[in-house]
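Overview (structure and organization)
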Amino acid sequence: MKKFTTKQISVTGITLLVLLLFPLVITQTYIIHVMILVFMFGMLGVAWNIMGGYAGMFSFGQAAFFGIGAYTSSFLVVTFHVNPWIGLIAGGVVAAVMAAAIGYPCSNLRGHYFAIATIAFGEIVRIFFNNWKLVNAAEGITLPMVNESFTNFMFHSSKLPYYYIILSFLLIALVICYFVAHSKMGYYFRAIKESHDVARALGVNVVWYRLIAIMISAFLSAMAGTFYAQYILYIDPESVMLLAISIQLVLISMLGGAGTVMGPVIGAAILIPIAEFTRIWLGHKGTGVDMLIYGFLITLISVYQPQGIWGLFANIGKKKNG
Amino acid sequence: MDKSTCLDVKGLSKWFGGLAANQDITFSVEEGEIVSVIGPNGAGKSTLFNCITGFYKPNSGKVSFFGKDITKFRADRICKLGIARTFQIVQVISDMTVLENVVTGALIRYTSIGPAKEKAEEILDFTGLNDKKSFLGTELTIADKKRLEVSMALALQPRLLMLDESMAGLTIVELHGIIGLIKKIRDKGMTLIVVEHVMEAVMEISDRVVVLNSGKKIMEGLPKEVVSCQEVIQAYLGDKYRAVCK
């Protein structure tokens, strides 16, 4: 494993410190809310990136895993009064198992065909939940109010605990992604991304490593799902399983830099505020304006900087050092 | 079976619909030998490679590697057992550096990156690519890509190395470079199967030659015997070699 330079350590440390102090200085609830969304979508982007950016499996069905996570923990809370932290893990496991179940038959699908399969998967899951009586179908699940505490994963008086929880989730995802990227697994994922043939010729069990990538990705996405449910306290298929969410995750990762650890976080930090602030400034009339800006940015990125914004930073760093 | 028999192919056939790409092919390779497989385009050389290495499942026949039946094994398992291959159309990981490419190969025998990197450096020294180790796969010339592909295969630490047209499309100088490398690999005691069109190279490096035509083995023998065989000349070599052999 490569050693970190002092510069890398100090930049990471300062960024972390700023993020930790940020909500204590800027106390407007709405800004905190946007930051929470940035972290959550950043985490989802990191999860997408493990399978999409590293292993080359472009998923347009990530919202299904997000939704399954949200639904598993919420269903367990409402029906069996299971603690949401246990639900968090349960949701991750259910999502990972679902991911393996759908990933295995798709083992030989690559590129566009895999992407199409994931769209179908995401839509099937959404429609299924929309009609599934056990989980209240289209009515969705409202989480019961309980006393605020860390154990209950519920806070009423302030958004700060949510801010710190999702920040730590994001950090967990980043650490996992970093270790994946710098391990045997990461090398094998990138071989698979290049071509199945080259990976097989290098002794990579393609089916197995693809499943691992999908399962890690699904687990992390489901964690974010449980967080969302505990934060908003209401979920329905149209809010947690939308194709639009899946697409947004792809855009976030591509904009920031697919196949880089930090890329999706950069992407989320740019796109989520755009979406939220156009909504504030333009209100209902502004629906879709964020998509216009997204489209413009994506065009710029794909023409001038295909490795994403993170690639731009990396190139500048290289030029300085070289 | 003789213990030193590295690869034994018996009655191997592969059909694509009504087309027999390989038909009842039988040959074996002794440990430490270099066997060349030659034949015109479409003779079934690459199909044979793919059947041996598990990329295709043969319709019938048997492939044994050091006495072990590997006919139905998955490609990655065959690779772990010790058969490494390169591709006719060169395949490297384009967004990885040369070093990372070779590390990916070396990881088959290691679980952590450190020792795999050491092994990779050692191999790049051997294949003469060490000065380009931080180049990306896409930045290499065809000759260097082929050299890299051989390095990746060597990183798998195989007992049998199968090269599919490692010399096609190279300049004379590059060609001699690759021939030199193959000889160096042979001198380390590696067993090799080489698919090649460059007859000068085949004559120079091979211990034995297997000739395929239309999916069938039409001849097997020493390089000298092969180039003087009437059937081979007609099927593949052309009159130039008739003149040379007379």
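Numbering of residues starts from 1 in every chain and runs along the sequence as written. Chain A is the first chain written and ligand 1 is the first ligand written, with later ones labelled in order. In view of the model being predicted, local features appear only for residues whose pLDDT reaches at least 70, and side-chain atom pairs are presented and counted only at 80 or more, with totals across whole chains, interfaces and linings using the full set of residues. Water and hydrogen atoms were dropped before computing side-chain values, which therefore reflect all heavy atoms in the structure.

1. Concerning the sheet that holds strand β5 (residues 68-69) of chain B
Worth spelling out the cut-off: Pairs of strands are assigned from DSSP output, requiring at least two bridges between the strands. Helical segments are the DSSP runs of H or I of at least four residues, strand segments are the runs of E of at least two, and each set is numbered from the N terminus.
Read from one edge of the open sheet, four strands run β2-β1-β4-β5 (chain B), paired in antiparallel fashion. A strand with exactly one partner marks an edge of an open sheet, and here the two such strands are β2 (19-30) and β5 of chain B.

2. Considering empty space enclosed by the protein
Residue and element names in this part refer to chain A. As a reminder, the rule being used: Within this scheme a cavity is a closed region of a 1 Å grid, computed over the protein atoms alone, that accommodates a 1.4 Å probe without allowing it to escape, whereas a pocket is open but has protein on both sides within 12 Å along at least five of seven lines; lining residues each have an atom within 4 Å of a point. Grid points are joined across faces, edges and corners, and a volume is the space filled by probe spheres set on the points. Basically, the charged four are Asp, Glu, Lys and Arg, the nonpolar ten are Ala, Val, Leu, Ile, Met, Phe, Trp, Tyr, Cys and Pro, and anything else, Gly included, counts as polar.
Enumeration over the complete set of coordinates arrives at three cavities of 30 Å³ or more. Looking at the largest cavity, its volume works out to about 110 Å³. Lining the largest cavity are 14 residues; nearest its centre among them are F65, I102, F114, T118 and F121. Those elements that provide at least two residues to the lining of the largest cavity are α3 (62-80), α4 (84-103) and α5 (111-131). The class makeup of the residues in the lining of the largest cavity is nine nonpolar, five polar and no charged.

3. A look at the interface of chain B and chain A
Heads up, the rule is: Contact between two residues is taken to exist if any of their heavy atoms lie within 4.5 Å; hydrogens are not considered. Here the buried area means the combined drop in accessible surface, using a 1.4 Å probe, for two parts upon being joined, counting both sides. When a carboxyl oxygen of Asp or Glu lies within 4 Å of a side-chain nitrogen of Lys or Arg, that pair is called a salt bridge. Any pair of N or O atoms that falls within 3.5 Å is considered a polar contact. Within protein, one atom must be able to donate a hydrogen and the other to accept it, and sequence-neighbouring residues count only if both atoms are side-chain atoms.
Every contact between the two is made by 27 residues of chain B and, on the other side, 18 residues of chain A. Summed over both sides, the interface between chain B and chain A buries roughly 2000 Å², with carbon and sulfur atoms accounting for 58% of that surface. If you sort the residues of chain B by the area they bury against chain A, F55(B), T104(B) and I113(B) come out on top, with a joint share of 22%. Counting every contact that joins chain B to chain A gives one salt bridge. E100(B) is paired through a salt bridge with R190(A); the nearest N and O atoms lie 3.2 Å apart. Put simply, chain B and chain A have seven residue pairs in polar contact (both at pLDDT 80 or more) between them. Every element with two or more residues in the side of chain B that touches chain A is listed here: α2 (75-81), α3 (98-106) and α4 (113-127) of chain B. Here the side of chain B that touches chain A is built from residues that sort into 14 nonpolar, six polar and seven charged.

4. Description of the pattern of salt bridges
How we decide: Categorising residues by exposure relies on relative accessible area from a 1.4 Å probe, with only protein chains included: less than 20% of the type maximum marks a residue as buried, more than 50% marks it as exposed, and the intermediate range marks it as partly exposed.
Across all of its chains, the model carries 16 salt bridges over all chains by this definition. Of the charged contacts in the structure, one is a salt bridge between R126(A) and E123(A), with a shortest N-O distance of 2.8 Å. Separated by three residues within a single helix, R126(A) and E123(A) lie in helix α5, roughly one turn from each other. By relative accessible area, which is 21% here, E123(A) ends up partly exposed. Across the salt bridge formed by D76(B) and K80(B), the nearest N and O atoms sit 3.9 Å from each other. Residue D76(B) and its partner K80(B) are located together in helix α2, separated by four residues, close to a single helical turn.

5. Description of the packing of helix α7 (residues 184-194) of chain A against helix α9 (residues 206-232) of chain A
Residues and elements named next belong to chain A. Convention followed: To get an axis, a line is fitted to the C-alpha atoms, and for a helix only the part in contact is used. The angle between two axes follows their N-to-C directions and goes from 0 to 180 degrees. Between 65 and 115 degrees an angle is taken as roughly perpendicular, under 35 as roughly parallel, over 145 as roughly antiparallel, and anywhere else as oblique.
The contact between α7 and α9 brings their axes to 10 Å, and the two run at 110°. Relative to α9, α7 is oriented roughly perpendicular. Here K184, M185, Y188, F189 and I192 of α7 lie close against α9, whose contacting residues are V206, Y209, R210, I212, A213 and I216. Broken down by class, the residue content of the contact of α7 with α9 amounts to nine nonpolar, no polar and two charged.

6. Some thoughts on a nonpolar patch on the surface
All names here are of chain A. The condition that has to hold: Patch membership needs two things, relative accessible area over 30% and no salt bridge, and members are linked within 9 Å if like-charged or within 5 Å if nonpolar (Val, Leu, Ile, Met, Phe, Trp, Tyr). Surface accessibility follows the Shrake-Rupley procedure with a 1.4 Å probe radius. Residue values consider only the protein chains on display as shielding.
A grouping of L16, L17, L20, L21, L24, V25, I26 and L171 is seen on the molecular surface, where their side chains present a nonpolar patch of about 670 Å² in accessible area. Of the residues forming the nonpolar patch, the biggest block, six residues, is contributed by helix α1 (residues 6-25). By the element assignment, V25 lies in helix α1. When its relative accessible area of 65% is taken as the criterion, V25 is described as exposed.

7. Considerations on the side chain of N22(B)
All names here are of chain B. Structurally, N22 is set in strand β2. On the basis of relative accessible area, N22 is assigned to the buried category, the value being 0%. Of the polar contacts made by the side chain of N22, one reaches the backbone nitrogen of L48; its length is 3.1 Å. N22 has contacts with L12, S13, K14, G44, T47, L48, C51 and G215, leaving out every residue within four places of it along the chain.

8. Quick look at the layout of surface pockets
Vacant regions in the atomic arrangement are exposed by a probe of water-molecule size rolled over the atoms. Residue and element names in this part refer to chain A. Taken as a whole, the second largest pocket spans an internal volume of roughly 580 Å³. Every residue lining the second largest pocket is counted, 25 residues in all, and those nearest its centre are Q248, A275, E276, R279 and D290. Counting residues per element, the ones that place at least two in the lining of the second largest pocket are α2 (29-54), α9, α10 (237-240), α11 (243-256), α12 (263-282) and α13 (289-304). Sort the elements by how many residues they give to the lining of the second largest pocket and α12 lands first, with five residues. Partitioned by chemical class, the residues of the lining of the second largest pocket number 12 nonpolar, nine polar and four charged.

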